[in-house]
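Fold and geometry: a report
Chain residues, written in single-letter form:
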Amino acid sequence: MQVAYVQYNPAYLQITQNLKQVEALLEGIEADLIVLPELFASGYFFRSHEDLVAVAEPIPEGPTTQWMIEWCRKTGTVMVGGLPERDGDRFYNSAVAVGPEGLIGRYRKVHLFYEEKLHFSPGNLGFQVFEVADRNGQLYRLGVMICFDWYFPEAARTLALQGADVIAHPSNLVRPDCPRAMPIRALENHVFTITANRYGVESNGRETLRFIGRSLICDPAGRVLQEAPPEGDQVGIAEITPREARNRRITPHNDLFEDRRPDCYRL
Ligand SMILES: NC(=O)CCCC(N)=O
C-alpha cells in the first residue's frame, strides 16, 4: 500500500486558506494513508489563549475534521492529521484518524512540549491503535502519536505492544533530533513510521520558532524509505506492506517481543 506525508508551511490561524493549500498539494496524489502535520491547519505557536479559542474545534463536527472526512470520502483514503480540539472548556493538542466512513478515532497528545503546556490539557485517552483498511480492503493496525511523544520510548512501544503495524506521527518539530531517532523507533519496535512535519517560522510575539521539515517514512528494519528536505512543500510517498511489521522473529531463537522480560523491567 502507498503511504504519504504532507510537508508544508501553514499560515497562522488561517484554517480555510491552509486547507485549500493542502488540497492543492494533494491534487492527483494516490495513497492509502496520508499523514498531515500536528496542528496542520491552525498553526502552532499561539500568541494568546484567545487565538487558540478562535481556531479550536469540536471533533468531529469542526471544519478541519469535516474537510478531512470529505476528502477521504472522495478518494477512499485514510488520513491522520493534528488539530486543536475543544471539548467543553478543555483544549487538547489532538489528532484524528478519518476514512471514507468518517471518524475512525482521535488521540490527544500525551507529552506536551514547551508552551503547549500553557494552552492545552495533557492527553487523557492514552495511546490508541485503530484497525483500518487500505483501498483494496486489506486490514492493518494504525497507531497515532504526536511530535514530542517520539522522545519517550514508551509511546511508540505502547503502540507496538498494542499491535500497531504503522505509526502515524503528525509533528511540528523544532529540535534537530527526531529525524535521527525515528529510524530507531521503527527498528526497536519493528513498525513502519510516518512523520509529517511542517517547515517555516512562527512567532508568538515574544519568540520565534523555526520548524525543521525533514518529514520521513521509516520501515521495521530502521531504513528511511522517504525523507523531505528541511524546507519546501513535499508530499512524500512510499510503498509498504504493513503486515511485514508483525514478523518480529530476527533469529530462529529470537522474537523481539516474545524475548521481552517485563519481570526485569522494574524500577
Ligand atoms: N511540537 C513538538 O512537540 C516539538 C517537540 C520537540 C522536537 N522534537 O522538536
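Position labels on residues start from 1 in each chain and follow its written sequence. Residues qualify for local features only when their pLDDT is at least 70, as the model is predicted, and side-chain atom pairs are given and counted only at 80 or more; totals for whole chains, interfaces and linings, by contrast, use all residues. Think of the side-chain values as coming from all heavy atoms in the structure, minus any hydrogens and water.

Next up on the list: the packing of helix α1 (residues 15–25) against helix α3 (residues 63–75). A packed helix pair is summarised by two numbers, namely the angle formed by the two axes and the spacing between the axes. Across the interface, α1 lies against α3 with an axial gap of 11 Å and an inter-helix angle of 20 degrees. Considering their axes alone, α1 and α3 lie roughly parallel with respect to each other. Of the two possible hands of crossing, α1 and α3 adopt the one that is right-handed. In contact with Ile15, Leu19, Val22 and Glu23 of α1, α3 contributes Pro63, Thr64, Trp67, Trp71 and Lys74. Residue classes in the contact of α1 with α3 are distributed as 6 nonpolar, 1 polar and 2 charged. Helix axes are fitted only over the stretch in contact, all axes being lines through C-alpha atoms; the angle between N-to-C directions runs from 0 to 180 degrees. Where helices and strands are cited, they refer to DSSP runs of H or I of at least four residues and of E of at least two residues respectively, numbered from the N terminus. Every angle not falling under 35 degrees, over 145, or within 65 to 115 is termed oblique; those three ranges are roughly parallel, roughly antiparallel and roughly perpendicular. In this scheme, a crossing is called left-handed if the near helix is turned counterclockwise away from the far one by less than a right angle; it is called right-handed if the turn is clockwise. Every residue pair with non-hydrogen atoms within 4.5 Å of one another is taken to be in contact. Think of it as three bins: nonpolar holds Ala, Val, Leu, Ile, Met, Phe, Trp, Tyr, Cys and Pro, charged holds Asp, Glu, Lys and Arg, and polar takes everything else, Gly as well.

It is worth spelling out the site of the ligand at this point. By convention in this text, a residue qualifies as near a molecule or strand provided that one of its non-hydrogen atoms is within 4 Å of it. The environment of the ligand is made up of Glu38, Tyr44, Lys109, Phe113, Glu116, Cys147, Phe148, Trp150, Asn172, Leu173, Val174 and Arg175. Contact between the ligand and tyrosine 44: a nitrogen atom at 3.4 Å from a side-chain N or O atom of the residue. Here the Shrake-Rupley method, with its probe set to 1.4 Å, supplies the accessible areas, and only the displayed protein chains count as covering residues. When the ligand sits alone it has 280 Å² of accessible area, and the protein chains cover 100% of it. Split by residue class, the shell around the ligand holds 7 nonpolar, 1 polar and 4 charged. In the analysis that follows, any N or O atom pair within 3.5 Å is treated as a polar contact, provided that within protein one partner can donate a hydrogen and the other can accept it, and provided that, for residues neighboring in sequence, both atoms belong to side chains.

Our next topic: the nonpolar core. To qualify as a nonpolar core, a set must consist of buried Ala, Val, Leu, Ile, Met, Phe, Trp, Tyr and Cys residues joined through side-chain atoms within 4.5 Å. Under the scheme applied here, a residue whose accessible area is under 20% of the maximum for its type counts as buried, over 50% as exposed, and between as partly exposed, the area being computed with a 1.4 Å probe on protein chains only. Val3, Leu33, Tyr140, Leu142, Met145, Val166 and Ile194 are the most contacted members of the largest nonpolar core, which has 46 residues in total. Apart from residues lying up to four places away in sequence, leucine 142 is in contact with Leu33, Val78, Val80, Gln128, Val129, Phe130, Val132, Val166 and Ala168.

Among the 5 residues of strand β9 (residues 192–196), 5 are classified as buried, and the element is accordingly described as predominantly covered. Burial along β9 is two-sided: Phe192, Ile194 and Ala196 and Thr193 and Thr195, pointing in opposite directions, are all buried. Bridge count between strand β8 (residues 166–170) and β9: 5 bridges; the pairing is parallel. Across the sheet, the residue bridging to proline 170 is alanine 196, located in β9. Handedness of the β8-helix α6 (residues 178–189)-β9 crossover: right-handed. Being paired, for any two strands, means DSSP has found at least two bridges between them. Alignment of β9 against strand β12 (residues 216–218), held across 3 bridges, turns out to be antiparallel. From the neighbouring strand, threonine 193 faces β12, where its bridge partner is cysteine 218. Whether a crossover is right-handed depends on one test, that the path from the first strand over the helix to the second runs clockwise when the strands point away from the viewer.

As a further point, take the packing of aromatic side chains. Ring pairs shown here join Phe, Tyr and Trp side chains whose ring centres sit within 6.5 Å, with only the six-membered ring taken for Trp; geometry is labelled stacked below 30 degrees between planes, edge-to-face above 60, and tilted in between. A complete count under the given rule lists 13 aromatic pairs for this structure. Between tyrosine 44 and phenylalanine 211, the ring centres sit 5.8 Å apart and the planes meet at 85 degrees, which makes this aromatic pair edge-to-face. Taken together, the residues span a long stretch of sequence, with tyrosine 44 in the loop between β2 (33–35) and α2 (49–55) and phenylalanine 211 in strand β11 (residues 208–212) at a distance of 167 residues. A single burial state applies to tyrosine 44 and to phenylalanine 211, both of which are buried. Our definition puts a charge over a ring when NZ of Lys or CZ of Arg is within 6 Å of the ring centre and also within 35 degrees of the ring normal. Of note, arginine 248 hangs over the ring of phenylalanine 257, and the distance from its end group to the ring centre comes to 4.2 Å.

Here we come to the pattern of salt bridges. Note on pairing: side chains with opposite charge can pair once their charged atoms come close. Each salt bridge in this description consists of a side-chain nitrogen of Lys or Arg and a carboxyl oxygen of Asp or Glu lying within 4 Å of one another. One pass over the structure, following the stated rule, counts 20 salt bridges. Residue glutamate 30 pairs with arginine 135 through a salt bridge whose shortest N-O separation is 3.0 Å. Residue glutamate 30 is found in the loop between α1 and β2, and its partner arginine 135 is found in the loop between β6 (129–133) and β7 (139–144); the two are separated by 105 residues along the sequence. Given the relative accessible area of 54%, glutamate 30 is considered exposed. The partner of glutamate 85 in a salt bridge is arginine 106, and the shortest N-O contact between them spans 2.6 Å. With glutamate 85 in strand β3 (residues 78–87) and arginine 106 in strand β5 (residues 102–108), this residue pair connects regions lying 21 residues apart in the sequence. Looking at glutamate 85, the relative accessible area reads 1%, which means it is buried. Arginine 106 sits in the partly exposed class, given a relative accessible area of 24%. One connected set of salt bridges, linked through shared partners, spans Glu85, Asp87, Arg106 and Arg108.

The strand order β5-β4-β3-β2-β1-β14 describes an open sheet built from 6 strands, whose pairing is mixed. In this open sheet, the two edge strands, each paired with only one partner strand, are β5 and β14 (234–239). Across the sheet, the mean angle separating the axes of adjacent strands is 30 degrees when strand polarity is ignored. Pairing geometry for β2 and β3, over 3 bridges, is parallel. Along β3, the bridge assignment pairs isoleucine 34 with methionine 79. Packing against the sheet, α3 makes contact with β2, β3, β4 (90–99) and β5, and its axis sits at approximately 160 degrees to β3.

Purely spatial values, then, with no claim about function.
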